[in-house]
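Summary of the model geometry
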Amino acid sequence: QVQLVESGGGLVQTGGSLRLACIASGRTFITYSIAWFRQAPGKEREFVASISRNTYYADSVKDRFTISRDGGKSTVYLQMNSLKPEDTAVYYCAAGPQGATGLRYEYAYWGQGTQVTVSS
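This report concerns the structure included in the present document. (Residues numbered from 1 in each chain as written. Predicted model: local features only at pLDDT ≥ 70, side-chain atom pairs only at ≥ 80, totals over all residues. Heavy atoms only, no water.)

1. Examining the pattern of salt bridges
Here the structure, examined in full by the defined rule, presents 5 salt bridges. Between Arg-38 and Glu-46 there is a salt bridge, with the nearest N and O atoms lying 2.8 Å from each other. Assessed through its relative accessible area of 5%, Arg-38 is described here as buried. Take Glu-46: its relative accessible area is 37%, and that puts it in the partly exposed class. One network of salt bridges, with partners in common, ties together Arg-38, Glu-46, Arg-64 and Asp-87. (Salt bridge = Lys/Arg side-chain N within 4 Å of Asp/Glu carboxyl O. Buried < 20%, exposed > 50% of the residue type's maximum accessible area, 1.4 Å probe, protein only.)

Next up, the structure:
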């Protein structure tokens, strides 16, 4: 019902910035909560941020990352500033119902992921 494609990952130095994009197709984007998760090698996939009526952030990225929608509401962005090596991971976009929180099982639709690498 919903297809998600992420882009914008890459290699950046500590303290740098990247902007990830999640482009949705299928059902109207406005009816879903959109979240970003990330997974580092050997680690569990963890919640990063979400947007629906409000925005929510993991404590580890609060005040550094910003999630937003474009004017047409077909794309969700994750602006990542003050990047640290511990931010290195594959970042995934996910779509779920409006009441979804930060739990992986609440999100039925996932993108393919985009690699973010932060060098020291």
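Having put the structure on the table, let's press on.
2. Regarding the nonpolar core
Across soluble globular proteins, nonpolar side chains show a tendency to be buried alongside one another. In this structure, Ile-34, Trp-36, Val-48, Phe-65, Leu-78, Met-80 and Tyr-91 are the most contacted members of the largest nonpolar core, which totals 33 residues. Mapped by element, the contributors of at least two residues to this core are β1 (2–7), β3 (18–26), β4 (33–39), β5 (46–51), β7 (65–69), β8 (75–80), β9 (89–96) and β11 (114–119). Considering each element in turn, this core owes the most residues, 5 residues, to β9. When residues no more than four places from it in sequence are discounted, the contact partners of Leu-78 are Leu-18, Arg-19, Leu-20, Trp-36, Val-48, Ala-49, Phe-65, Thr-66, Ile-67 and Tyr-91. (Core = buried A, V, L, I, M, F, W, Y, C linked by side-chain atoms within 4.5 Å. Helix = DSSP H or I, 4+ residues; strand = E, 2+ residues; numbered from the N terminus. Contact = heavy atoms within 4.5 Å.)

3. As for the state of the cysteines
Inspection of every chain in the model, using the stated rule, returns 1 disulfide. Disulfide pairing places Cys-22 opposite Cys-93 at an S-S distance of 1.9 Å. The chirality of the disulfide connecting Cys-22 with Cys-93 is left-handed, given an S-S dihedral of about -70 degrees. Within this pair, whereas Cys-22 is found in strand β3, its partner Cys-93 is found in strand β9, the two being separated by 71 residues in sequence. (Disulfide = S-S within 2.5 Å.)

4. Details of the pairing of β5
Most of β5 is tucked away, with 5 of its 6 residues classed as buried. Where β4 meets β5, 5 bridges bridge the pair, whose relative direction is antiparallel. By the bridge assignment, Arg-38 is partnered in β5 with Glu-46. What sits between the antiparallel neighbours β4 and β5 is a turn of 6 residues, in which Gly-42 has the positive phi angle 75 degrees. In terms of strand pairing, β5 meets strand β6 (residues 55–57) through 3 bridges, oriented antiparallel. Residue pairing for β6: Ser-50 is matched across the bridge by Tyr-56. Once β5 ends, the chain turns through 3 residues before running back antiparallel as β6. (Pairing = 2+ DSSP bridges.)

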